[in-house]
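Chain by chain, the residues:
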Amino acid sequence: MGATGFGYYRATIFFCMFIGYSLYFFNRKTFSFVMPSVMEEIELDKDDLGLITSSQTMAYAISKFISGVLSDQISARWLFSLGLFLVGGINVVFSWSSTVTMFSLLWFINGLGQGCGWPPCGKVLRKWFEPSQFGTWWSVLSCSMNLAGSLGPVLVTVLLQYYDWRTILTMSGVFCAGFSIVCAVFVKNEPKDVGLPSIEVAAKKGAKGGKSKCTLKEFLLSPFLWVLSLSYLVVFGVKTAATDWGQLFLMQEKGQTALMGSTYMSALEVGGFAGSLAAGLISDRAVAKQGLGTHGNPRHSLLILMMAGMYVSMYLFRVTITPEISKEAVWVQVLHPVSVLFGVSEKEIWILFLGAVFGFSSYGPIALFGVIASESAPSNFCGTSHAIVALMANVGAFMAGLPFSTIAKQHSWDMAFWVAEVIMGISAVLFFLVRNMRTKMGQMAEKMD
């Protein structure tokens, strides 16, 4: 085993986590994929459907936080594998059920299992990859959700031509549970489990002696943890507002068609996919050049730039798009040659461009916040750190729901998006001002200063 190097284990572990998390996500959405077929067999109204899906969402938010804390206390390998086994088993049992009560209960348990997926991934990635590679592999692993989300509906649609929805859920669940055994065998928590040296920078620097672990109190009193959490709350809340309400804003107040609205959303997701990958790759190069110190973080420059990109794209989206666009506008004249070349109006190109830019600028920070939270925390609170910032992101997502729509109801969508735009701009400026604050959480960093 000693002759087997880092390359083999990194490739094997990453492959297992990528396929495993794809299965996590696919089995999170199986009910949505087969919903039309279920409704043909079982009478379900909108309230029933909302109850079933909401039960999973609530459980997932709770479980993801708890799992982040647990990943620092127990084996990440077993947490990931057991969660995957539970999710697969629940899908099988779900296929045997026929009542709303059972559907809701089982999908709640599915949500509890779903929360065991990502926190262990972040913990294992930090143990196996150097800081200069961490962001890239984090971003690539997060693309497993895009893979499952894009191929899942197509795969299920094809399978529904040959099997009923119960058989599809059973097959999906059995495969998911089966692959959890593969993950339990091949995923390793850290290099020392297979006789390889640790690669953690903190461990190397702390090798001179002294206590290398900080206490929970020291960790929670780290100002940077809460700066990061509040910034993530704003970014995720604004991103959620744009994805949930942007299409409606275009149709109701900007005079655009439903097709244009849905195309805008597609452009946003495509831009988000590129932004997530770019954030990891570019910020890792910065870390490779500058290294990770106790104050500031090489990833901050890109993070601030992308936050500013969110503000600018939101401003242009709100101000430049109107029911009747003047041909004298600068952007119309700039895009005119492209419009003639592709046979698409300048307005459509502009809306798609703004959607892609916003997606690129918002999904990039979402990836970076998770990376920075994990790498800035002491090794014994890596999962807890990500759990806290992710919980704050969920608070932001909640605020993008009813509170945001209430502003739109009392005033207008334009006013609601203006409020989000202003909050985004202020957050970007404030983060810029504190970009060089002490980022290493806990008192361990003080001994290294």
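All values reported here derive from a predicted model rather than from experimental measurement.

Draft legend 1. Highlighting the pattern of salt bridges. The tally for this structure, following the rule as stated, stands at seven salt bridges. Residue Arg299 is joined to Asp284 by a salt bridge in which the shortest nitrogen-to-oxygen separation is 2.8 Å. Highlighted residues: Arg299 in the loop between helix 11 (258-290) and helix 12 (300-320) and Asp284 in helix 11, separated in sequence by 15 residues. This pair shows no difference in class: Arg299 is buried, exactly as Asp284 is. Ionic pairing is found between Arg318 and Glu421, a salt bridge with its closest N-O pair at 2.7 Å. On the criterion of sequence distance, the pair formed by Arg318 in helix 12 and Glu421 in helix 17 (residues 413-433) is long-range, its members being 103 residues apart. Pair check on accessibility: Arg318 and Glu421 agree, each one buried. In the salt-bridge network here, residues are joined through shared partners; they are Asp284, Arg299 and Glu375.

Draft legend 2. Looking closely at the packing of aromatic side chains. Following the criterion strictly, the structure yields 25 aromatic pairs and no others. Here the aromatic rings of Phe94 and Trp107 are separated by 4.6 Å at their centres, their planes lie at 45 degrees, and the arrangement is tilted. One end of the pair, Phe94, is in helix 3 (residues 76-94); the other, Trp107, is in helix 4 (residues 100-114), and 13 residues separate them in sequence. Summarising the burial analysis for this pair, Phe94 and Trp107 share the class buried. Ring plane angle 80 degrees and centroid distance 5.6 Å describe the contact between Phe134 and Trp138, whose orientation is recorded as edge-to-face. Here Trp138 and Phe134 lie together in helix 6 (residues 131-159), a separation of four residues that amounts to about one turn. The rings of Tyr21, Tyr24, Phe80, Trp118, Phe134 and Trp138 are connected pair by pair, giving a single aromatic cluster. Above the face of the Tyr60 ring, Arg28 is positioned so that its terminal group lies 4.5 Å from the ring centre. Stacked on the ring of Phe432, the Lys or Arg Arg435 has its end atom at 4.0 Å from the ring centre.

Draft legend 3. Region of interest: the side chain of Ser374. Tracing the backbone through its elements, the reader meets Ser374 in helix 14 (residues 346-376). Residue class for Ser374 comes out buried when judged on its relative accessible area of 1%. For Ser374, the side chain forms a polar contact with the main-chain oxygen of Gly370, separated by 3.1 Å. The contacts of Ser374, once residues within four sequence positions are left out, are Arg126, Phe134, Trp138, Cys382, Ser385 and His386.

Draft legend 4. Quick look at the confidence of the model for the protein. Chain-level statistics for the protein give a pLDDT mean of 82 and a share of 91% at 70 or above. In the predicted structure, residues 201-211 sits below a pLDDT of 50 and forms seven contacts with residues beyond four places in sequence or in another chain.

Draft legend 5. Molecular detail of helix 11. In a regular helix each residue adds 1.5 Å, so 33 residues correspond to 48 Å; helix 11 covers 47 Å between its end C-alpha atoms and thus fits that length. Immediately downstream of helix 11, the backbone of Gly291 shows phi near 75 degrees, a positive value.

Draft legend 6. Quick peek at the environment of Ala59. Within the secondary structure layout, Ala59 lies in helix 2 (residues 46-70). Ala59 sits 91 residues away from Ser150 along the chain, and the two C-alpha atoms are 24 Å apart. Not counting chain neighbours up to four residues away, the residues in contact with Ala59 comprise Phe108, Gly111 and Leu112.

Draft legend 7. Spatial organisation of the packing of helix 10 (residues 223-252) against helix 15 (residues 382-399). In the contact formed by helix 10 and helix 15, the axes pass within 7 Å of each other and the chain directions differ by 35 degrees. Here helix 10 and helix 15 pass one another in a crossing that is right-handed. Only Ser385, Ile388, Val389, Ala390, Met392, Ala393, Val395, Gly396, Ala397 and Met399 of helix 15 make contact with helix 10, whose side of the interface consists of Leu225, Trp226, Leu228, Ser229, Leu230, Tyr232, Leu233, Phe236, Gly237 and Thr240. When the residues that make up the contact of helix 10 with helix 15 are grouped by side-chain class, the tally is 15 nonpolar, five polar and no charged.

Draft legend 8. How the structure looks around the packing of helix 16 (residues 402-410) against helix 17. Between helix 16 and helix 17, whose axes approach to 6 Å, the crossing angle comes to 135 degrees. With respect to their mutual orientation, helix 16 and helix 17 come out oblique. Helix-helix and strand crossings are classified by hand; for helix 16 and helix 17 the assignment is right-handed. Here Phe404, Ile407 and Ala408 of helix 16 come into contact with helix 17, specifically with Trp413, Met415, Ala416, Phe417, Val419 and Ala420.

Rules behind the numbers
Residue indices follow the written sequence of each chain, beginning from 1 at its first position. With pLDDT at 70 or above as the cut-off, local features in this predicted model cover only qualifying residues; side-chain atom pairs require 80 or more to be listed or tallied, and sums for whole chains, interfaces and linings still use all residues. Processing note: side-chain calculations cover all non-hydrogen atoms of the structure and skip hydrogens and water entirely. When a carboxyl oxygen of Asp or Glu lies within 4 Å of a side-chain nitrogen of Lys or Arg, that pair is called a salt bridge. Here a strand is any run of E in DSSP of at least two residues, a helix any run of H or I of at least four, and the numbering for each starts at the N terminus. Accessible area is worked out with a 1.4 Å probe on protein chains only. A residue is then buried under 20% of its type maximum, exposed over 50%, and partly exposed in between. Aromatic rings from Phe, Tyr and Trp, taking only the six-membered ring of Trp, are treated as a pair when their centres fall within 6.5 Å; an angle between ring planes under 30 degrees marks them as stacked, one over 60 as edge-to-face, and anything in between as tilted. Geometrically, a charge over a ring is one whose NZ (Lys) or CZ (Arg) sits within 6 Å of the ring centre while staying within 35 degrees of the ring normal. Any N or O atom pair separated by 3.5 Å or less is treated as a polar contact, with the protein-specific requirement of one donor-capable and one acceptor-capable atom, and with residues adjacent in sequence counted only for side-chain atom pairs. Any pair of residues with heavy atoms lying within 4.5 Å of one another is described as a contacting pair. Summary of the metric used: pLDDT quantifies the predictor's per-residue confidence within the range 0 to 100. Multiplying 1.5 Å by the helix residue count minus one yields the expected span of that helix. Between N-to-C directions, angles span 0 to 180 degrees; the directions come from axes that are lines fitted to C-alpha atoms, helices contributing only their stretch in contact. Handedness of a crossing follows from how the near helix is turned relative to the far one, being left-handed for an anticlockwise turn of less than a right angle and right-handed for a clockwise one. Put simply, Ala, Val, Leu, Ile, Met, Phe, Trp, Tyr, Cys and Pro go in the nonpolar bin, Asp, Glu, Lys and Arg in the charged bin, and everything else, Gly too, in the polar bin. Should an angle fall under 35 degrees it is taken as roughly parallel, and over 145 as roughly antiparallel, whereas 65 to 115 is taken as roughly perpendicular and any remaining angle as oblique.

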